[in-house]
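Structure at a glance
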Amino acid sequence: MTFRQFAFRNVIRNKRTYAAYFLSSAFSVMIFFVYALFIFNPDIKKGVTASVAIQLMVTAEVIMYVFSFLFVLYSVSTFLKSRKREFGILMMHGMTRGQLNRMVFLENMLIGIGSIIAGIGAGIITGKLFLMIGSRMLDIESVPFYLSGKALSWTIFAFLILFLSISIFTTLLVRINKLIDLFQAGEKPKKEPKVSKVLAILSAILLIASYYLAATTTLETMMIRILPVVFMTIVGTYFFYTQLSVFMTKLLQRNRILFWKRTNIITFSSLAYRLKDNARMFFMVTIVSTVAFCAVGTLASMNVLNKQFQLDFPAAVSYLAKDNQAVHQYNLQQIESEFQKRNINYTTLEIPLKYVEIADSTDPYAREEIPVIKYSNYKKISELAGYPFKEDKPTGMESLAMLTSQVETFDSQTYTLKQENIKLQQNKATQNVVIPFQLIVGEGLVVSDELYQSLSSKNTVLFTGFFTAEFEKTAGMAENLVDDGAVFNTSKNPYAMTVSGTLYQQLMSMYRIMLLVALLIGAVFFIAAGSFLYFRLYADLEYDRRLYLTVKKVGLTDGELNKIVTRQLVLLFFVPITIAIIHSIFAFMALQSFFSMSIATEMVIVIAGFFIAQIIYFLFIRHHYLRNLKKTLI
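Structural notes, computed from the coordinates. (Residues numbered from 1 in each chain as written. Predicted model: local features only at pLDDT ≥ 70, side-chain atom pairs only at ≥ 80, totals over all residues. Heavy atoms only, no water.)

1. Observations concerning the overall build of the protein chain
Rule in force here: Elements are defined by DSSP. Helices are runs of H or I of four residues or more, strands are runs of E of two residues or more, and each kind is numbered from the N terminus. Using a 1.4 Å probe on the protein chains alone, a residue whose accessible area is under 20% of its type maximum counts as buried, one over 50% counts as exposed, and one in between counts as partly exposed. The contact rule is simple, with two residues in contact once any of their heavy atoms fall within 4.5 Å. Calculation of accessible area relied on Shrake-Rupley with a 1.4 Å probe; when residues are assessed, cover is drawn exclusively from the protein chains displayed.
Assigned secondary structure in the protein chain consists of 20 helices and ten strands. The burial tally for the protein chain puts 49% of its 634 residues in the buried class. Long-range contacts, defined here as pairs at least 24 residues apart, represent 83% of the contacts in the protein chain between residues at least 6 apart. Only carbon and sulfur atoms are counted for the fraction: they give 62% of the accessible area of the protein chain, which is about 30800 Å².

Structure, rendered in structure tokens:
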């Protein structure tokens, strides 16, 4: 038997241990490869949506590659620690340090090359399906399958470099101690886990503070709080597993009634040791799972943009004429003609907007002139858009801040006009958006009809809205007048215009492709988190066998064994994911500040989906772990 055959058979003999590592690596290679197939497909149209989608996939490739490097490094180091006894036997039979390093290198490369072959093979099989889903999400014609040489070579080269680097690096991690130390590596009694009360309390303080800041964040404070909250959550989570959880376990052990009840003495006796030994693994699983939940949840929450979009664009087509040129009449006739050709029922409304000059303002960012519409016209637009209308009419010098987007913030202001020093008090904001932000740069005001008539304007513009319940059918309308659905209000343009159907189509295309990217990245992260649990579980298998064999000799039944193992597996599988879910809930509470509508339903669906997947994985691993454990107890 050659040395290479020996390394190959080592891998085959430990296939159960290496299974999760191999499958997770192959899955990462597959996702990387299908992204590359999309990126290098020559039939992908060159457009705004397609180009942004490709940029997102390139970013996803980088994220997955970096994560795969860290995942493989952690996995290999875990395997090396669990094989000290095996290394001791080989060294006793004459294996040199160089031969041992060579064996570890060959084993890692065998698994790596196998993962690359399996991942690319699975990618070729699923590539057409991915391209079909991607092209549908981008709303482009079906993309034929094309096995790109660049995609193939990029994937092979990237992961060969990854596994080669890890294989070389891990040979440095193989530390050869005395043979007696290698043989007794799994049999030495574990030291009593030490706990710092200060760090345990600090963990609780950091987590509670980060949860409070996340739950009370607003759109204005989001960017200020995000980094401190992330930092406190990460540090608090680490100390939770290394200090606070062990401290709480020791408190439970002091409860004699609970501790001495049936098999609790066995469960709790090793609980503190398991928590301390697995602290880093629990921490990694929690953080990785939280990232996966938040990535998928954030994109899934954008489903509410469908409803929120309609609130931001009350008119299917909005047109703002800034002067009296004849081109405006021609443009409006073209829009009406296209509505009729598409058989879309619509209603039009024309209203004037006065631009009044500002002499002074409490708003430091106020412009020299500001658009104003009268209350009755604001009410007409709201009613035509189908909004419920219950707002009180402003009186005297009162005014309402005219919101142009649902995510726009509002502050009370006072505007002093150049006209006879009129002061407009702005203490409230409108409940509805009536004119999109693309048509008005900055703020606007709604005043009473009487006050509006008395205002002199520097300039008056005419807003025309086309209202219909079938706004999606306006996609692609008036393409000669707008670029990608909008012409912004600038000094160079004689008009400003929005076509909500086109904007909505682009928005949803981007949302769907981002959701696809997030789902695949989230799946990679979630499977990797499950693999971490699998590695840790089988690394402790020999220790558990000796423990339960000893206890079985004094009368432990199969039912009690199942109960003890199930409790410990529940701890191993569900403590990290539960903490990750709690982290994610507070992250979603902060995310809610970006939306005017509730995203609770989307969040529940995402978290429930991941939790159900974890339950299925738990039941599968529990079945196989108990079967392997009982083989040595018969």
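Okay, back to it.
2. Looking at the pairing of strand β10 (residues 495–499)
Test applied: By this definition, two strands are paired if DSSP reports at least two bridges between them.
Counting buried residues in β10 gives five out of five residues, a clear majority hidden from the surface. What you see with β10 is no split at all: Y495, M497 and V499 on one side and A496 and T498 on the other are buried throughout. Pairing between strand β1 (residues 317–321) and β10: five bridges, direction antiparallel. Its bridge partner lying in β10, A321 is registered against Y495. Strand direction decides the pairing type here: strand β9 (residues 486–487) and β10, joined by two bridges, are antiparallel. When the bridges of β10 are listed, V487 appears paired with M497.

3. Topic: the pattern of salt bridges
Going by this rule: Within this document, salt bridges are pairs made up of a side-chain nitrogen of Lys or Arg and a carboxyl oxygen of Asp or Glu, the two lying within 4 Å of each other.
Per the stated rule, a full pass over the model turns up four salt bridges. Across the pair R342 and E338 runs a salt bridge, and its minimum N-O distance is 4.0 Å. Taking the shortest distance from any N to any O, the salt bridge between E357 and K418 comes out at 3.9 Å. Residue E357 is located in strand β2 (residues 347–361), and its partner K418 is located in the loop between β5 (413–417) and β6 (423–429); the two are separated by 61 residues in the primary sequence. E357 gets classed as partly exposed once you look at its relative accessible area, which sits at 31%.

4. So, the packing of aromatic side chains
Note the cut-off: Pairing of aromatic side chains requires ring centres within 6.5 Å, counting the rings of Phe and Tyr and the six-membered ring of Trp. Pairs whose planes differ by under 30 degrees are stacked, by over 60 edge-to-face, and all others tilted.
Here the structure, examined in full by the defined rule, presents 24 aromatic pairs. Between F40 and W154, the aromatic rings sit 5.2 Å apart at their centres with planes inclined by 75°, giving edge-to-face as the arrangement. A residue pair is termed long-range when its members are at least 10 positions apart, and F40 in the loop between α2 (15–39) and α3 (48–81) and W154 in helix α6 (residues 149–171) qualify at 114 residues. For F40, a relative accessible area of 27% translates into the label partly exposed. When the ring of Y241 is compared with that of F282, the centres are 5.5 Å apart and the planes differ by 45°; the resulting orientation is tilted. With Y241 in helix α9 (residues 222–253) and F282 in helix α12 (residues 279–301), the pair connects residues that are 41 residues apart, well separated along the chain.

5. Describing helix α14 (residues 326–341)
Worth spelling out the cut-off: Residue count minus one, scaled by 1.5 Å, sets the expected span of a helix. Each direction from the helix axis to a C-beta atom contributes to the arc, which is the arc of those directions.
For α14, which comprises 16 residues, the first-to-last C-alpha distance of 23 Å matches the rise-based estimate of 22 Å (1.5 Å per residue) to within 8%. Among the residues of α14, those classed as buried are H328, N331, L332, Q334, I335, E338 and F339. Angularly, the buried residues of α14 cover 155° about the axis, an arc narrow enough to put them on a single face. Opposite the buried face of α14, at more than 90 degrees from it, the exposed residues are A326, Y330, Q340 and K341. Following α14 by one or two positions, N343 has its phi on the positive side, about 55°.

6. Observations regarding the side chain of H583
When you line up the elements, H583 lands in helix α19 (residues 558–591). The exposure class assigned to H583 is buried, which follows from its relative accessible area of 6%. Ignoring any residue separated from it by four or fewer positions in sequence, one finds H583 in contact with L207, Y211, T233, T237, T286 and T290.

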